[in-house]
Amino acid sequence: MIAPRGRMNEVVGFVKGGLKDLSVSRTSFKWGVPVPDDEDHIMYVWMDALANYMSALGYPNEDSDGNFVKFWPASLHVVGKDILRFHAVYWPAILMAADLPLPRRVFAHGWWTKDGEKISKSLGNVIDPLDLAEKYGVDQTRFFLMSEVNFGSDGDFSHEKMVRKVNTNLANELGNLCQRTLTMVYKYCDMTVPIQLQPLNEEDKAILYKAKALRITCGEAISTQAIHNYVAAMVSMIWDVNKYFDEMQPWVLRKTDPQRMETVLYILMEVLRCCAILYQPIIPSSANRILDLLGVPKEERMFDHINEASIRKGAKIVKPHAVFPRIATES
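Residues numbered from 1 in each chain as written. Predicted model: local features only at pLDDT ≥ 70, side-chain atom pairs only at ≥ 80, totals over all residues. Heavy atoms only, no water.

## Details of the side chain of His-87
Next, step 1: Within the secondary structure, His-87 sits in helix H4 (residues 84-97).
Next, step 2: For His-87, a relative accessible area of 2% translates into the label buried.
Next, step 3: At 2.9 Å, the side chain of His-87 and the backbone oxygen of Ile-83 are in polar contact. (Helix = DSSP H or I, 4+ residues; strand = E, 2+ residues; numbered from the N terminus. Buried < 20%, exposed > 50% of the residue type's maximum accessible area, 1.4 Å probe, protein only. Polar contact = N/O pair within 3.5 Å; in protein donor to acceptor, adjacent residues only side chain to side chain.)

Written as structure tokens, this is what we have:
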């Protein structure tokens, strides 16, 4: 029920220490929600706050067509590590006392530091995500935050780390792969997705199989909130595709075996299609720009389409452009 494992151990340790009754009201202050029929008591703030998870869904209305029946219990509840005890000990106790179902999973995320220091207003090192999005791009910011640390652990932010990761994994690896592949298709295949393909060799089949199977790996990662593993699988896949590109040498095949060149380029486009579809939860705008460049219809961009669709042979493509401009580093 509780993740990651280190956080679960904290909760188990607290429970093993012995539980005491929890008062659901306070008399030491007057602000808050008064207890019905007893104005000297104020509802314990966490009792009031936690109940909002259900009241927002219309509870106590438990009609079969209502939101409470539809959405409760929560399949996943993500909270900060500093308030895990309230959500993993007090809240379940309250729900069990009321004979109500518990959230199926509570995941406690960590904190960010900056350059090794705690982020605080007094230190003047607060990071505004809107500033990051303005400076580096929304997708670039999303990519860094979801790949830099194991989700659930603390992470350290620095501009140098972000620039290095974005330039390496997005601009150099994914962006350059798209640019090289689509430029060759545009220039040497008459702006058209190759039609006449040769029989696939073992290398072709292997890279295609890995791209199609990537959905399983990503699904396993996201089912346990291991977002960093999802991104790592994508980065690894793109590295393998670049390796395939370099080993197949389509620029050489253009002169020695044009039909083999077209086969390789088609394989590259198909693998990029699979990767772009899977990258949509991480870098949605950029992934869809790649799909646009590949000529993938908007109605064929769901995960199921990885196996149910493919790059359309004979379709025209637009002139490729850079999806991830390289971020200039400060000297």
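## Comments concerning the packing of helix H8 (residues 202-223) against helix H9 (residues 227-248)
Next, step 1: The interhelical angle for the contact between H8 and H9, taken along N-to-C directions, is 170°, at an axis separation of 9 Å. Considered as vectors, H8 and H9 are oriented roughly antiparallel to each other. Where H8 abuts H9, its residues Glu-203, Asp-204, Ile-207, Lys-210, Ala-211, Leu-214, Thr-217, Cys-218, Ala-221 and Ile-222 lie against Ile-227, Asn-229, Tyr-230, Ala-233, Met-234, Ser-236, Met-237, Asp-240, Val-241, Tyr-244 and Met-248.
Next, step 2: Partitioned by chemical class, the residues of the contact of H8 with H9 number 14 nonpolar, 3 polar and 4 charged. (Axes fitted to C-alpha atoms, helices over the stretch in contact; angles between N-to-C directions. Parallel < 35°, antiparallel > 145°, perpendicular 65-115°, else oblique. Contact = heavy atoms within 4.5 Å. Nonpolar A, V, L, I, M, F, W, Y, C, P; charged D, E, K, R; others polar.)

## Details of the pairing of strand S5 (residues 77-80)
Next, step 1: Looking at chain direction, S5 and strand S6 (residues 106-109) are connected through 4 bridges and run parallel. Its bridge partner being in S6, Val-79 is matched across the sheet by Ala-108. (Pairing = 2+ DSSP bridges.)

## Section: a nonpolar patch on the surface
Next, step 1: A contiguous nonpolar surface patch, about 210 Å² in accessible area, is contributed by Leu-76, Val-78 and Phe-151.
Next, step 2: One can find Leu-76 in the loop between helix H3 (67-71) and S5. (Patch = residues over 30% accessible without salt bridge, like charges linked within 9 Å, V, L, I, M, F, W, Y side chains within 5 Å. Areas by Shrake-Rupley, 256 points an atom, 1.4 Å probe, with all protein chains shown as cover. Salt bridge = Lys/Arg side-chain N within 4 Å of Asp/Glu carboxyl O.)

## Considering the packing of helix H7 (residues 159-188) against H9
Next, step 1: Where H7 contacts H9, the two axes come as close as 10 Å, and the packing angle between them is 40°. One way to sum up the angle between H7 and H9 is to call them oblique. Pair H7 / H9 crosses with left-handed handedness. Where H7 approaches H9, its residues Asn-169, Glu-173, Leu-174, Leu-177, Arg-180, Thr-181 and Met-184 are matched on the opposing element by Val-235, Ile-238, Trp-239, Val-241, Asn-242, Phe-245 and Asp-246.
Next, step 2: Grouping the constituent residues of the contact of H7 with H9 by class yields 8 nonpolar, 3 polar and 3 charged. (Left-handed = near helix turned anticlockwise from the far one by under 90°.)

## Brief notes about the sheet that holds strand S8 (residues 117-118)
Next, step 1: Strand order in the open sheet formed by 3 strands is S8-S7-S9, with mixed pairing between adjacent strands. Looking at strand neighbours, the two that pair on one side only are S8 and strand S9 (155-157), the edges of this open sheet.
Next, step 2: Where strand S7 (residues 112-114) meets S8, 2 bridges bridge the pair, whose relative direction is antiparallel. Residue pairing for S8: Thr-113 is matched across the bridge by Lys-118.

## Describing the sheet that holds strand S4 (residues 38-43)
Next, step 1: Strand order in the open sheet formed by 3 strands is S2-S4-S3, and the pairing between neighbours is antiparallel. The open sheet terminates on both sides in strands that have one partner only, identified here as strand S2 (25-26) and strand S3 (34-35).
Next, step 2: Sheet topology note: the S2/S4 ladder contains 2 bridges and is antiparallel. Considered in S4, the bridge of Ser-25 is made with Met-43.

## Quick word on the pattern of salt bridges
Next, step 1: Applying the stated criterion across every chain yields a total of 16 salt bridges.
Next, step 2: Between Glu-247 and Lys-243 there is a salt bridge; the shortest N-O distance is 2.7 Å. One end of the pair, Glu-247, and the other, Lys-243, are both in helix H9, 4 residues apart, so they sit about a helical turn from each other.
Next, step 3: The shortest N-O distance in the salt bridge between Arg-273 and Glu-270 comes to 2.7 Å.

By themselves, these observations are geometric and do not establish any function.
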